[in-house]
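Structure assessment
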Amino acid sequence: QVQLVESGGGLVQTGGSLRLSCAARGVTFNKYAMAWFRQAPGKEREFVAGIAWYVEYGEFVKGRFTITRDSPKNTVYLQMNNLKPEDTAVYYCAADAGTSRPSDASSDYDYWGQGTTVTVSS
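Below: a short report on this structure. Just so it is clear, the model here is predicted, and its values are computed rather than measured. (Residues numbered from 1 in each chain as written. Predicted model: local features only at pLDDT ≥ 70, side-chain atom pairs only at ≥ 80, totals over all residues. Heavy atoms only, no water.)

A separate point is the sheet that holds strand β8 (residues 75-80). In space, the four strands of this open sheet follow the order β1-β3-β8-β7, with antiparallel pairing throughout. Either end of the sheet is taken by a strand with one partner, and the two such strands are β1 (3-7) and β7 (65-70). Averaged over all pairs of adjacent strands, the angle between their axes in this sheet comes to 15°, without regard to strand direction. Bridge count between β1 and strand β3 (residues 18-25): five bridges; the pairing is antiparallel. (Pairing = 2+ DSSP bridges. Helix = DSSP H or I, 4+ residues; strand = E, 2+ residues; numbered from the N terminus. Axes fitted to C-alpha atoms, helices over the stretch in contact; angles between N-to-C directions.)

Spelled out as structure tokens, the structure:
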């Protein structure tokens, strides 16, 4: 059974940094693509970053975020730097089984975490 548990969200000032973690149970990283999405109030869920055999980032990231994974710990991280108020959202970890390509479409992902809230104050 796959379980994804996010942590690391919180309140930060503009320009600050946060590192989100996603502890993945029941996932073998070489058989899954992992990704971070976010959803702000009143907006659609948006692709942030994905990792499989390579990494992909949403266009808005522009070098501010970095996705990594630690296979022995079965954990995926999202390091977020130079945060802006528009980064305020609930951030979700997602897993896509049986693929080497990190899709930017939320519909491609099979498993989701409960989300962690990031609030960036101006």
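In total, this model carries one disulfide according to the counting rule given. One disulfide in the model links C22 with C93; its S-S distance is 2.1 Å. Across the disulfide from C22 to C93, rotation about the S-S bond amounts to roughly -75°, and the bridge is consequently left-handed. One end of the pair, C22, is in strand β3; the other, C93, is in strand β9 (residues 89-97), and 71 residues separate them in sequence. The residues C22 and C93 share a single accessibility class, namely buried. (Disulfide = S-S within 2.5 Å. Buried < 20%, exposed > 50% of the residue type's maximum accessible area, 1.4 Å probe, protein only.)

Here we come to the pairing of strand β5 (residues 46-51). Most of β5 sits inside the fold, with five of its six residues counted as buried. Sheet topology places strand β4 (residues 32-39) next to β5; five bridges connect them, and they run antiparallel. When the sheet's bridge partners are listed, M34 is paired in β5 with I51. Linking β4 back to β5 in an antiparallel pair, the connection comprises six residues, with G42 at a positive phi of about 75°. One ladder, built from three bridges, connects β5 with strand β6 (residues 55-57); its direction is antiparallel.

To continue, consider the pattern of salt bridges. A pair can form between side chains of opposite charge whenever their charged atoms are brought close. For the structure on display, the rule yields three salt bridges. R38 serves as the salt-bridge partner of E46, at 2.9 Å between the closest nitrogen and oxygen. Judged by its relative accessible area of 32%, E46 falls in the partly exposed class. The shortest N-O distance in the salt bridge between R38 and D87 comes to 2.8 Å. Linking R38 in strand β4 with D87 in the loop between β8 and β9, this pair joins segments that are 49 residues apart in sequence. (Salt bridge = Lys/Arg side-chain N within 4 Å of Asp/Glu carboxyl O.)

M34, W36, L78 and Y91 are the most contacted members of the largest nonpolar core, which totals 30 residues. Contributing elements (two or more residues each) for this core: β3, β4, β5, β7, β8, β9 and β11 (116-121). Ignoring sequence-local partners within four residues, the contact set of L78 consists of L18, R19, L20, W36, V48, A49, F65, T66, I67 and Y91. By size, the runner-up hydrophobic cluster in this structure holds five residues, among which are F37, F47, A94 and Y109. (Core = buried A, V, L, I, M, F, W, Y, C linked by side-chain atoms within 4.5 Å. Contact = heavy atoms within 4.5 Å.)

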